[in-house]
Amino acid sequence: MNIHEYQAKELFSQFGISVPAGKAVQSADAFEEAIDSVGSGKIVVKSQIHAGGRGKGTFTTGYKGGVKVVDTKEEALEAANAMLGNTLVTHQTGPAGREVKTIYFTEASDIEKEYYLAILLDRDSSKPVIIASTEGGMDIEEVAEKTPEKITKVLIDPATGIMPHHKRAIAFGLGFSAKEQLKQLDKLLSGLYKFFWDKDCSMVEINPLITTPAGDIMALDAKVNFDSNALYRHPDIVTLRDLGEEDEKEVKASEYNLSYIALDGNIACLVNGAGLAMSTMDIIKHFGGNPANFLDVGGGANEEQVTEAFRIILSDPNVEGILVNIFGGIMSCKTIANGIIAAAKNVEMTVPLVVRLEGNEVAEGKQLLADSGLALTPADSLADAAQKIVELAKK
Amino acid sequence: MSILVGKDTRVVGQGITGKAGTLHALNNVAYGTNYVAAVTPGKGGSTWEDKCPVFNTVHDAVEKEGANTSVIFVPPPFAADSILEAIDAGIELVICITEGIPVRDMTLVKDALKKSKTRLIGPNCPGIMTPGQCNIGIMPGYIAQPGKVGVVSRSGTLTYEAVYQLTVRGHGQSTCVGIGGDPVNGTSHLDVVKLFNEDPETEAIILIGEIGGSAEEEAAAYIKEHVTKPCAAFIAGTTAPPGRRMGHAGAIVSGSSGSAETKIAALKDAGILVAPTPSEIASTLLEVYSK
């Protein structure tokens, strides 16, 4: 689960990490008061959407830049009014862009130097890893590729948590030496790790982390991602979820325990099992089609879930064909066939449907489908099914 | 022979007195798997489905019934604790079926595993089966038959696809291992490949992977250096968009890492045949293995 920058910075403050003074508002009426509250100097006006590249983005109105640094209150108001309620397109949003519903005003900080700091899971060691770099504001992947010597990586033993030697390694890696700064960085790293661990984050990223001419260390940006499997123990974090930032169909699917991801193709698929669902997308592409979604209905694949899955699939106007691919393991193909038949009768099938069943009592399951009177095309193997749906969707 | 589980495996089921646990564990018993105990805190002293005694702790199940393998069907908030209890009780092999365990919990489990002699399969996996001898977890037994091909996979249904394809072509399996779809798991592709390589009854290996992490690359490097048995592979997720978790918590392409292309290239570089589609996993292996 993702959250907005302003929400992440509020959480940072709670964990003792310095951030510039700021105020987030959702309506234009509140702009003036918010601007006044962040001080009288330079102001940064920031669009809040769950996507990177905001500064270099363009609004569909033609207005350039989702993040602006301005000198006066009037300019801040002008920028905020140009952003709020409009759609921002960045390299991460796709061409449709995202509507900006929140504006975050912060005081502009004097920057001496920019750094990069993140904590995430290192999959190879199964431990949290702190990644720090002297190249702030840059894409970390690019830094890793071109100048790996500018990156310091420190693995944390999950049983002991962050220790002073970890923090020293980061500080020296970043070239800090002034006593006061070492102290500040120590506190920041402790707070950030505690936040990462206590709140079950998948990733926290500060890019850039800055030092000011006065010697202070501060998080100028904040990107946070939470482990969805751990949300049950963080009701406070769940309230920060912004459903407006998520695909409507994906939200609907999650209510029915369906794992659905919208894609931009025209052939929908309905599959049991994540690996098989991914492979079904792959094989559609292999035979010249384009998958419209990823959809794992889980091991059960009962009538209610399949019905809802069909509804979600058909609400995508791009869909021109559906491939159902179920391997009945423990569950009988008869049960699955009955589920598909009932679901297909519950919703109005407007596009060709190819069904491939395999596994337990497959002959009986196929017979049920054949006897159902439904306009569906049966398939024997996954390859056969993919070829059939690609062909049918072309017509 | 086979690997990890067989005729001598003595299973304790943690959380098998629940509805789903009972269903799958009874299927395992019907297959011939030896369930010697169940553990459900508070239900100690009762009997599970007329098959075996229920204990309050795994320690009791080990002490009184000689359990050496545990299968876990406990809900995600409590599953890590169940794994740690099994480790603490000295269980040799723990198979955790549970999907949805927080990563933070698993990093602590992983740490405890390193300090113990216990091996964990999973979590978020279909289990492990040595056809004709022992089936632990949720894999359908009828798709398999005893034989010489070892199968290791991060995906449940893709395991079934591969195993079934082998079986209908007359090739049985030595052991089928589902290592699970989580980013932090107990046993990797590499661990299982090593065991298959050392197992005299395994003559060929099928490795099924997916996007996320670099476990497949690690296994490929080992195979290139040390394995002479015929191998075939399949990688799911060529069309997966970067930055999205594809159903499995561990199936995510992060930046340039974990893509299907990288994995397929590493496997091919190691001389392993990679099936172009999931329909051709068995037939791809049979191009280089035909006993």
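Residues numbered from 1 in each chain as written. Chains lettered and ligands numbered in written order. Predicted model: local features only at pLDDT ≥ 70, side-chain atom pairs only at ≥ 80, totals over all residues. Heavy atoms only, no water.

### Thoughts on the overall build of chain B
A tally of regular secondary structure across chain B gives 9 helices and 14 strands. What you see for chain B is a C-alpha radius of gyration of 18 Å, in line with the 19 Å of a compact globule of 291 residues. Principal-axis analysis of the C-alpha atoms places the extent of chain B at approximately 55 × 40 × 30 Å. Looking at chain B as a whole, 61% of its 291 residues qualify as buried. Contacts in chain B between residues far apart in sequence, at least 24 positions, make up 72% of those at least 6 positions apart. Roughly 10200 Å² of accessible area belongs to chain B as shown, and the carbon and sulfur atoms make up 51% of that amount. (Helix = DSSP H or I, 4+ residues; strand = E, 2+ residues; numbered from the N terminus. Rg over C-alpha atoms; globule rule 2.2 N^0.38 Å. Buried < 20%, exposed > 50% of the residue type's maximum accessible area, 1.4 Å probe, protein only. Contact = heavy atoms within 4.5 Å. Areas by Shrake-Rupley, 256 points an atom, 1.4 Å probe, with all protein chains shown as cover.)

### Quick look at the interface of chain B and chain A
Across the boundary between the two partners, chain B contributes 58 residues, which contact 48 residues of chain A. Of the roughly 4000 Å² buried at the junction of chain B and chain A (both faces included), carbon and sulfur atoms supply 59%. When the buried area of chain B at its contact with chain A is split by residue, Arg104, Thr239 and Met246 of chain B rank highest and sum to 16% of it. The interface formed by chain B and chain A includes 4 salt bridges. Two residues, Arg356 of chain A and Glu161 of chain B, come together in a salt bridge whose shortest N-O distance is 2.5 Å. Counting across the chain B and chain A interface gives 16 residue pairs in polar contact (both at pLDDT 80 or more). Broken down by secondary-structure element, the contributors of at least two residues to the side of chain B that touches chain A are helix H1 (19-31), helix H4 (103-114), helix H5 (156-168) and strand S13 (231-236) of chain B. For the side of chain B that touches chain A, the element with the highest residue contribution is H4 of chain B, accounting for 8 residues. Within the side of chain B that touches chain A, the residues separate by chemical class into 27 nonpolar, 20 polar and 11 charged. (Buried area = accessible area lost by both parts, 1.4 Å probe. Salt bridge = Lys/Arg side-chain N within 4 Å of Asp/Glu carboxyl O. Polar contact = N/O pair within 3.5 Å; in protein donor to acceptor, adjacent residues only side chain to side chain. Nonpolar A, V, L, I, M, F, W, Y, C, P; charged D, E, K, R; others polar.)

### Notes on the environment of Ala34 of chain A
Residue and element names in this part refer to chain A. Relative to the helices and strands, Ala34 resides in helix H2 (residues 31-37). Relative accessible area serves as the criterion here: at 1%, Ala34 is assigned to the buried category. In this structure the C-alpha to C-alpha distance between Ala34 and Ile103, which are 69 residues apart in sequence, comes to 9.8 Å. The residues contacting Ala34, other than those within four sequence positions of it, are Lys23, Val25 and Phe105.

### Some details on the domain arrangement of chain A
Assigned domains of chain A: these are domain 1 (21-107), domain 2 (113-237) and domain 3 (247-394). A separation of 26 Å is found between the C-alpha centroids of domain 1 of chain A and domain 2 of chain A. (Domains from an automatic or database assignment.)

### Re the packing of aromatic side chains
All names here are of chain A. If you walk through the whole model with that rule in mind, you get 12 aromatic pairs over all chains. Both rings, one in Phe31 and one in Phe105, keep their centres 5.5 Å apart while their planes meet at 80°; by these two values the pair is edge-to-face. Here Phe31 is found in helix H2, whereas its partner Phe105 is found in strand S7 (residues 103-107), with 74 residues between them in sequence. Ring geometry for Tyr115 versus Phe176: centroids 5.1 Å apart, planes at 35°, classification tilted. (Phe/Tyr/Trp six-rings, centres within 6.5 Å; stacked < 30°, edge-to-face > 60°.)

### A few points about unusual backbone geometry
Cis rather than trans, the peptide bond between Asn207 of chain A and Pro208 of chain A has omega equal to 10°. Tracing the chain through its elements places Pro208 of chain A in strand S11 (residues 201-211). Following Gly122 of chain B, the chain continues to Pro123 of chain B via a peptide bond in cis, the omega torsion being 5°. Mapped onto the elements, Pro123 of chain B comes out in the loop between strand S7 (119-121) and strand S8 (127-130). Notably, Ser126 of chain A is not glycine yet its phi reads approximately 60°, a positive angle. Within the secondary structure, Ser126 of chain A sits in the loop between strand S8 (113-122) and strand S9 (127-133). At Asp200 of chain A, a residue that is not glycine, the phi angle is positive and equals roughly 55°. Exposure remark for Asp200 of chain A: the relative accessible area of 3% places this residue in the buried category.

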